[in-house]
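Coordinates in review
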Amino acid sequence: MPEGPSVRKFQLLTSPFVGQVVAKVGGSSRKINVHDLNALRLQDSQVHGKNLYLAFVAAEDPSGPTAEETVLQKEAAAVVCSPVQGGQEQVCAPHPHPQDEELQELQHSRSEGPGHWLRFHFGLFGSVRANEFSRANRANKRGDWKDPVPRLILHFESGGFLAFYNCRMHWCSSPRADPASDILSVEFHRGRALDALRVPNPICYTLLDQRYFSGLGNIIKNEILYLAKIHPLTQGSLLAPSDLEHLLDCALQFSSDWLHHKLRGQGLHPQIYQREQCPLGHPVMKGTFGPLGGLKRLTWWCPQCQPEVL
């Protein structure tokens, strides 16, 4: 799924549309009623970690959260006027492992109830396009060249539009934001992150804990562990303070560099992620690691460059 730098770029694509009124909507989403967005004004756009938040208000009152009232009224009318439809989404129970930020955010959104903020969490190959649609760049398994179908399309009165692909959407009353944990925020709390890295858990588990490293995903995890020459299963408590400082420096620098490359339209050239050899020519190992009962993620490492610490 898109990581912090990608979602920050998505936010920058939406920013020029802030203040504009939605003239027409479309899309395949069944998680929300996309027509609730008709005639609303896009009031704000924010990014927090791997999540994008868009605020909508009634067009005639851009200063108040009246979109919440609009959504609630439409939902109430739908209950009175039409029978309950089957296949409604179930509320997920909280995941016992904090690394699964998608379930954390879903629980938060549902507990808050409908609001005037629309939260986007992107899946694999999820994206946002401004004034263009995504096009197929290869045939699917059936040999068909079918363009991806947007989950949501927002056409604005200005004539421009935004298209959102492969994302979950939920209304919430406010963004779930902790800038101190966001790896791309100027308010990122270095001390709190270092304390988290020191715990006696495999370092590759801790790096994906969104409570301390919001926006850091599997690609960043693999790349920075190679850059810092740390084996992914090394217990954080076994690493020297200088090694932890260096790892955190790598995380912040790599994330910032990746964002700047994206803004210049340049692709990522990973050194270890999905590689068969490291830059020094050593064979790369691959494994699936994660906490017991939690999410397991593919991990690549070089046994020679990243020796195991016992």
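First, a word on what this report is: a plain description of the structure on this page. (Residues numbered from 1 in each chain as written. Predicted model: local features only at pLDDT ≥ 70, side-chain atom pairs only at ≥ 80, totals over all residues. Heavy atoms only, no water.)

1. Here we look at the overall build of the protein
Rules: Runs of H or I in DSSP of at least four residues are treated as helices and runs of E of at least two as strands, each being numbered from the N terminus. To sort residues, take the accessible area from a 1.4 Å probe on protein chains only and compare it with the maximum for the residue type: under 20% means buried, over 50% means exposed, and anything in between is partly exposed. Note on contacts: a residue pair is in contact if any heavy atoms of the two residues lie within 4.5 Å. Note that accessible areas follow from Shrake-Rupley with a 1.4 Å probe, and for residues the cover is restricted to the protein chains shown.
On a plain count of helices and strands, the protein comes out with seven helices and eight strands. Counting over 310 residues, the protein shows a buried share of 47%. The long-range fraction of contacts in the protein, counting pairs at least 24 apart against all pairs at least 6 apart in sequence, stands at 66%. Counting only carbon and sulfur atoms, one obtains 53% of the accessible surface of the protein, whose full area is about 15,500 Å².

2. Section: the sheet that holds strand β6 (residues 161–172)
Strand pairing in a sheet relies on backbone hydrogen bonds, with the paired strands running either antiparallel or parallel. We count it as follows: The pairing criterion is simple: DSSP has to find at least two bridges between the two strands. For helices, the fitted line uses only the C-alpha atoms of the stretch in contact; every axis is such a line through C-alpha atoms, and the angle between N-to-C directions lies from 0 to 180 degrees.
Spatial strand order, β1-β5-β6-β4-β3-β2: six strands in an open sheet with antiparallel pairing. Strands at the two margins of the open sheet, each flanked by one partner only, are β1 (22–26) and β2 (40–48). Averaged over all neighbouring strand pairs, the angle between strand axes comes to 40°, with direction disregarded. Alignment of strand β5 (residues 152–156) against β6, held across four bridges, turns out to be antiparallel. Paired with I153 across the two strands is A163, which belongs to β6. Here helix α1 (residues 4–14) sits on the sheet in contact with β2, β3 (51–58), β4 (117–130) and β6, set at roughly 115° to β4.

3. Section: the packing of aromatic side chains
Using the following cut-off: Two rings from Phe, Tyr or Trp (for Trp, the six-membered ring) form a pair when their centres are within 6.5 Å of each other. A pair whose planes differ by under 30 degrees is stacked, one over 60 is edge-to-face, and the rest are tilted. A ring is scored as having a charge over it whenever the NZ atom of a lysine or the CZ atom of an arginine sits within 6 Å of its centre and within 35 degrees of its normal.
For the structure on display, the rule yields nine aromatic pairs. A ring pair is formed by F56 and W171, whose centres lie 6.4 Å apart and whose planes are at 75°; its orientation type is edge-to-face. A residue pair is termed long-range when its members are at least 10 positions apart, and F56 in strand β3 and W171 in strand β6 qualify at 115 residues. Using a relative accessible area of 0% as the deciding quantity, one classes F56 as buried. These aromatic residues form a ring-pair network of at least three members: F10, F120, F122 and F164. Of note, K229 hangs over the ring of Y226, and the distance from its end group to the ring centre comes to 4.2 Å.

4. Here's the deal with the nonpolar core
For clarity, the cut-off: By nonpolar core we mean a set of buried residues, namely Ala, Val, Leu, Ile, Met, Phe, Trp, Tyr and Cys, connected to one another through side-chain atoms within 4.5 Å.
Grouped together as the largest cluster of nonpolar side chains are 39 residues, with contacts concentrated most on L197, I203, F213, L216, I224 and L247. For this core, the secondary-structure elements that each account for two or more residues are α4 (190–197), α5 (203–206), α6 (218–227), α7 (241–263) and β8 (297–301). In terms of residues, this core owes the most to one element, α7, which gives eight residues. In this structure I224 touches L207, L216, L247, C250, A251 and F254, once residues within four positions along its chain are discounted.

5. Quick notes on α7
Let me state the cut-off plainly: By definition here, a helix of n residues has an expected span of 1.5 Å times n minus one.
The end-to-end C-alpha distance of α7, which contains 23 residues, comes to 33 Å, matching closely the 33 Å that a straight helix rising 1.5 Å per residue would cover. Every buried residue belonging to α7 is among L244, L247, L248, C250, A251, F254, S255, W258 and L259, and all of these are buried. Buried residues along α7 sit in contact with α1, α4, α5 and α6.

6. Some words on unusual backbone geometry
One non-glycine residue with positive phi stands out, namely A39, at about 70°. Residue position: A39 is located in the loop between β1 and β2. Phi is positive for F125, close to 65°, though the residue is something other than glycine. Within the element layout of this structure, F125 appears in strand β4. A relative accessible area of 66% means that F125 is categorised as exposed.

7. Thoughts on the packing of α4 against α7
We apply this condition: Should an angle fall under 35 degrees it is called roughly parallel, over 145 degrees roughly antiparallel, and 65 to 115 degrees roughly perpendicular, with every other angle called oblique. Working rule for handedness: look at the near helix, and if it is turned counterclockwise from the far one by less than a right angle, call the crossing left-handed; if clockwise, right-handed.
Remark: α4 packs on α7, axes separated minimally by 10 Å, with the N-to-C direction vectors making an angle of 120°. The orientation of α4 with respect to α7, classified from their angle, is oblique. Considering how the two elements wind past one another, α4 and α7 form a crossing that is right-handed. Seen from α4, the contacting residues are R190, A193, L194 and L197; seen from α7, they are L244, E245, L247, L248, D249 and L252.

8. Some thoughts on the pairing of β4
Taken residue by residue, a regular strand's side chains alternate between the two faces of the sheet. Alignment of β3 against β4, held across five bridges, turns out to be antiparallel. Bridged to N51 within β4 is H121. As paired strands, β4 and β6 are joined by ten bridges and run antiparallel to one another. Note that in β6 the partner of R119 across the bridge is H170.

9. Considerations on the side chain of H116
Under the convention used in this document: Whenever two N or O atoms come within 3.5 Å, that pair is a polar contact, provided that in protein one can donate a hydrogen and the other can accept it, and provided that, for residues adjacent in sequence, both atoms are side-chain atoms.
Mapped onto the fold, H116 is located in the loop between α3 (101–112) and β4. Overall, H116 belongs to the buried group, its relative accessible area being 11%. Side chain to side chain, H116 and W117 meet in a polar contact 3.5 Å long.

10. Focus: the pattern of salt bridges
Defined as follows: Any Lys or Arg side-chain nitrogen found within 4 Å of a carboxyl oxygen on Asp or Glu counts as a salt bridge.
Taken as a whole and judged by the stated rule, the model has seven salt bridges. Here R129 makes a salt bridge to E132, at a shortest N to O gap of 3.5 Å. By relative accessible area, R129 is classed as partly exposed at 27%. The partner of R198 in a salt bridge is D195, and the shortest N-O contact between them spans 2.6 Å. If you follow the salt bridges from partner to partner, you end up with R190, E245 and D249 in one network.

Shape is all these values report; function is a separate question.
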